[in-house]
Amino acid sequence: MNSEYDVAIVGAGLAGLSLAVRLAALPNPPRILMVDPRTTRERDRTWCSWSVRPHPFVDCVSHRWLEWTVGSGNASVVRGSERFPYQRIPSDALYRKAETLLAQAPSVTWALGRSVVDLKETSGLVQISFSDGNSVEARRVYDSRPPGIKTTDGWRQIFSGLEIRCPGARWNPEKVVLMDFQ
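Residues numbered from 1 in each chain as written. Predicted model: local features only at pLDDT ≥ 70, side-chain atom pairs only at ≥ 80, totals over all residues. Heavy atoms only, no water.

A. Representation of helix H1 (residues 14-24) in the model. All of the buried residues in H1 are Gly16, Leu17, Ala20, Val21, Leu23 and Ala24. Seen along its axis, H1 keeps its buried residues to an arc of 165°; they face one direction. If you follow the buried residues of H1, they end up packed against strand S1 (4-10), strand S2 (32-36), helix H2 (91-103), strand S8 (108-112) and strand S11 (135-143). (Buried < 20%, exposed > 50% of the residue type's maximum accessible area, 1.4 Å probe, protein only. Helix = DSSP H or I, 4+ residues; strand = E, 2+ residues; numbered from the N terminus. Arc of directions from axis to C-beta. Contact = heavy atoms within 4.5 Å.)

Structure (structure tokens):
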């Protein structure tokens, strides 16, 4: 592993992998270090959004909806868009696609199974210290790990949720309900 990188990306989730794929596709890509404490990635979540512009993970989309519903009590509103469909990407498909794209990029180095314990800026570089006592340096660091929750210093938006496993399908793949306030 090099001791100095142009960009270190801490966290190989949606944000970190998306950034790495875009950077690696540049005509003159930077030397990228991908750091993640996991050694394997499974289907641990799904991501949904409106399809606004093409992206490297278009072929990972498992569902597209032209209509969506928001409900409250007995009332609901249905809206839709053929131009901007709502789409769903399972994490395992995105992880596989990103890993395939990044494996083709010689500028990318992986540091899997490694946790970052400290980021310290020193003389124009950032020193990245790992839990095993080793460290590397990078010109820039993108830390995609969730921030610690601090409620006294301003507004924050933190997403959290529960994973619910059911013995069978419990949702209708033909109809998406964005919110139901019942």
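B. Fine view of the sheet that holds strand S9 (residues 116-122). Strand order in the open sheet formed by six strands is S8-S2-S1-S11-S10-S9, with mixed pairing between adjacent strands. One side of each edge strand has no neighbouring strand; the edge strands of this open sheet are S8 and S9. Going across the sheet, the axis of each strand differs from the next one's by a mean of 40°, ignoring polarity. By the bridge criterion, six bridges tie S1 to S11 in an arrangement that is parallel. Looking at the pairing, Tyr5 lines up with Ala138 of S11. (Pairing = 2+ DSSP bridges. Axes fitted to C-alpha atoms, helices over the stretch in contact; angles between N-to-C directions.)

C. Structural detail: the packing of H1 against H2. Two elements in contact, H1 and H2, have axes whose closest approach is 10 Å; the angle formed by their N-to-C orientations is 30°. In terms of axis orientation, H1 runs roughly parallel to H2. When you trace H1 past H2, the crossing you get is left-handed. The residues of H2 that touch H1, namely those facing Leu14, Leu17, Ala20, Val21 and Ala24, are Leu94, Tyr95, Ala98, Leu101 and Leu102. Its residues placed into classes, the contact of H1 with H2 shows ten nonpolar, no polar and no charged. (Parallel < 35°, antiparallel > 145°, perpendicular 65-115°, else oblique. Left-handed = near helix turned anticlockwise from the far one by under 90°. Nonpolar A, V, L, I, M, F, W, Y, C, P; charged D, E, K, R; others polar.)

D. Here's a closer look at the packing of aromatic side chains. Overall, the coordinates contain five aromatic pairs when judged by the stated rule. On the basis of an interplanar angle of 80° and a centroid distance of 6.0 Å, the ring pair of Trp47 and Tyr95 is categorised as edge-to-face. Here the residue Trp47 occupies a position in strand S3 (residues 46-50), and Tyr95 occupies one in helix H2, the gap between them amounting to 48 residues. Residue class for Tyr95 comes out buried when judged on its relative accessible area of 2%. A ring pair is formed by Trp65 and Tyr86, whose centres lie 6.1 Å apart and whose planes are at 40°; its orientation type is tilted. Of this pair, Trp65 sits in strand S4 (residues 63-65) while Tyr86 sits in strand S7 (residues 86-90); the two residues are 21 residues apart in sequence, bridging distant segments of the chain. On the basis of relative accessibility, which here comes to 4%, the residue Trp65 falls in the buried class. Each residue in the set Trp50, Trp65, Trp68 and Tyr86 is aromatic and connected to the rest through ring pairs, giving one cluster. (Phe/Tyr/Trp six-rings, centres within 6.5 Å; stacked < 30°, edge-to-face > 60°.)

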